[in-house]
Amino acid sequence: MEGVRREPSILHLDLDAFFAAVEQRDKPSLRGRPVVVGGTGGRGVVSTASYEARAFGARSAMPTAEARRLCPPGTAFLGGRFAAYRRTSEVVMGLLRELSPLVEPVSIDEAYVDLAAGDHDLSVPGVTALAAELKARIAVATGGVTGSVGIGTSKAVAKIGSELDKPDGLTVVRPGEELAVLHPLPVRALGGVGPATAERLAQIGVKTIGDLHRLSLVDLTSLVGQAHGAGLHRLARADDDRPVVTDREAKSVSAEETFARDLTDPARLATEIEALATRVGSRLQRSGTSGRTVTLKVRRYDFSTLTRSQTLAHAVDDPRQIAEVAHRLLGAVDRSGGLRLLGVGVSGLSPYAQGDLFAEPAEAVEPVEVVEPAELPADPAPGPAVVAWYPGQDVVHPDLGSGWVWGSGLNRVTVRFEGPRTTPGPVRTLAADDPDLQPADPPDWTP
Amino acid sequence: MKFRVAREVLAEAVAWTARSLPPRPSVPVLAGILLEVEGGQLAVSGFDYEVSARSEVDVQSTEAGRALVPGRLLAEITRALPPHPVDVVAEGARLAISCGNAKFSLPTLPVEDYPSLPSMPSTAGVVDSDAFAEAVGQVAVAAGRDDTLPMLTGVRLEIEDDLVTLAATDRYRLAVREFAWRPETPGLSAAVLVPARTLADAAKTLTSGPEVVLSLASGGSGEGILGMSGKDRRTTTRLLDAEFVKYRAIMPSESSSFATLPVGLFTDAAKRVALVAERGTPLRCEFTPGQVTLRAGGTDDEGQAEERCDVEFDGEPLTIGFNPTFLLDGLAAVHTDRARMDFTTALKPAVLSGVDEPSADDEDSGRPAERAGSYRYLIMPVRLPG
């Protein structure tokens, strides 16, 4: 195990049911109740289920329709509020960066920290105290979001440690005890072992990481392939010297939309492209980057999925130029049977953007000031393709105050007027086109 | 058909016509060059329904007639012939070419299948051939090459009485140039969009005579075409059927600072520094009073370069980034020893224009110069990070 650290200096943080936790923070009436965040349309998929909803069997990546069957009446099914999640995530990542300059965010709710790069007591009691304090600070700063922490001598061990005691857990795997911790666990606990690999291993009686450890490298590679086998062989020995890498740069910026019904109408598709290009363009502009390759993703009625891309002479961040290319790419795709998903992405990112003489001066020529984590109020997806109100959406009413959309339909919208700093609030039903009711930014949770 | 002609004369006429042959003809006959002899005149023509070219030369002919021969092959052969008189004879379905000891026999194409060239539209006016070539060259450089946006592959040609304005843009730069001409009818007003590559090629090769006659057929029946005739050569091109951008609206009406650059020195410096600018990365120009510092490259795994160049500049210091090719194209097109560059901000278009020499004294205020050499080249900057 050359290269593996002697001290438990790698920390892995995984926020607990993150999207659902943010919803429960911002919507006091949902605290302690099952909450499912994800696509709420006919074909939506669950992003996150709160622990209350998991008790009924709801899981992420499950079709929302299935979660609806499993969960009791009164379960909140909410569309995502990514602006709110991102804000909360940034607060957490900020706290991690106070621990060490080496922070590697894996996703919006997960990160590795190299504690050796900070000035810390790396003994087991030392890192245990540090993690306990970190968890407490996260809970205060996020208004009650919890996370599970694993600490170990490698990334793999730290990640497994954070899984052992979820939610709100804290596990420090002592140096030298890695194998004792790993071996009783099912192989699925290792990163890179999905259902297919697990199935194949189960056929030869390999169920735990300990079983895997006893397998020879030759047997393993003959079963799952050379590269994968070699990786698993090392992981089963806790032999993982991957460093914590900061500044994982975005390789692309993209947005996609799944439709409630397959789309064929060219005008409607064009509108969708515009909306997606606007989302991508404004995200590029906010991050001060632009890209040369525009990619269109299309999923047809029969689930066949294809991507088409075009590389331009210059990097672009202007929504209209992105849309222009995407329109062209869509024109070359057979869409006769209808499309269930459209996506637009920009890759080949660069910090330089060739300006466009025809761009609207206010939009693309001036860089968008990043004052606060300013989000488009209507993310996900502005534009006519989106129902005006979606469940969970933040709204504001001049007389009734701030609140969120519980449901809408039949030209009515039901809103619960409450916020992270209020007690559970009253529910009101308004006309869906009530001019007083407006979409709002995510609420501020800080007391 | 039977004629004798000087090798140089034939080679030049065929080469010029062959330029406009389509690289991938939609029908085989369009790959041909049509030779027509009548009364001591040989006409060498090509046409692909977009562009037609016809060159006329004097020959000694003993028999009139016409033949359609593979164009590229004919061009290659005539270019390679030894320096002797050339005898060309149509013999049934073949064309015999003999020159000195060299003899060729070419298959011909069915001349009856060849489309007739469009007739020259009515004359619109006359322009000095060198002035026309210069103006077109200066403007066409800014036209786009991406066929997916036809509007951007054209040069806008606007006629307003005795003034012609040319404009082209690929959306990153815009070049505009005005010049005087003699319209056929006073008060003529027209605006058309001409394929940039064809226009540039024609203007450059119609300079053997003093003047070029422009003729226009637009709107009404049939598609619009532009005809250009110089000495012994005339060409027509189909016009682009697209709206041009309202480019006057994006011409800055004022500037906050300007620099006067020695074009040669500045160009050399920019070319050197640009050597390390990898694709898509800009040339940074840091203007401070009396000088500009050019930089490119920067990160650890790229090369870096820096060069200072003395310029006249006395505004607020300004750092602006340009695509090196766009900047160099503009510098090469101003055709004066010194160029003026007007700035608004580092994110707004910079305007390059020529400076008249000798400049007696400086009467400039803060606005872009309005001079006889009316060339303007707008470059949209590259946004620099940070």
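See the structure above.
The structure contained in this document is the topic of the report that follows.

Conventions adopted
- Residues numbered from 1 in each chain as written.
- Chains lettered and ligands numbered in written order.
- Predicted model: local features only at pLDDT ≥ 70, side-chain atom pairs only at ≥ 80, totals over all residues.
- Heavy atoms only, no water.
- Pairing = 2+ DSSP bridges.
- Helix = DSSP H or I, 4+ residues; strand = E, 2+ residues; numbered from the N terminus.
- Axes fitted to C-alpha atoms, helices over the stretch in contact; angles between N-to-C directions.
- Contact = heavy atoms within 4.5 Å.
- Buried area = accessible area lost by both parts, 1.4 Å probe.
- Salt bridge = Lys/Arg side-chain N within 4 Å of Asp/Glu carboxyl O.
- Polar contact = N/O pair within 3.5 Å; in protein donor to acceptor, adjacent residues only side chain to side chain.

In this section: the sheet that holds strand 17 (residues 427–431) of chain A. All names here are of chain A. Overall, antiparallel pairing links the five strands, which are arranged 17-16-15-14-18 in an open sheet. Each edge of the open sheet carries a strand with a single partner, namely strand 17 and strand 18 (438–439). Sheet topology places strand 15 (residues 401–409) next to strand 16 (residues 412–416); five bridges connect them, and they run antiparallel. When the bridges of strand 16 are listed, Gly 407 appears paired with Thr 414.

Turning to the sheet that holds strand 2 (residues 35–38) of chain A, a few remarks are in order. Residue and element names in this part refer to chain A. If you walk across this open sheet you meet the three strands as 3-2-4, and the pairing is mixed. A strand with exactly one partner marks an edge of an open sheet, and here the two such strands are strand 3 (46–49) and strand 4 (76–78). On average, each strand axis in the sheet is tilted by 20° relative to the strand beside it, whichever way the strands run. Bridge count between strand 2 and strand 3: three bridges; the pairing is antiparallel. Looking at the pairing, Val 37 lines up with Thr 48 of strand 3.

Across the boundary between the two partners, chain B contributes 27 residues, which contact 21 residues of chain A. In this assembly, chain B packs against chain A so that about 2200 Å² is buried in total across both faces, 59% of it on carbon and sulfur atoms. For A:Asp356, the salt bridge is made with B:Arg171, and the minimal N-O distance between the two is 3.2 Å. Summed over the shared surface of chain B and chain A, the result is seven residue pairs in polar contact (both at pLDDT 80 or more). Among the secondary structure elements, those contributing two or more residues to the side of chain B that touches chain A are strand 13 (173–180) and strand 28 (382–383) of chain B. Relative to strand 28 of chain B, strand 13 (residues 353–354) of chain A runs antiparallel, the two sharing two bridges. Paired with A:Gln354 across the bridge in strand 28 of chain B is B:Val382.

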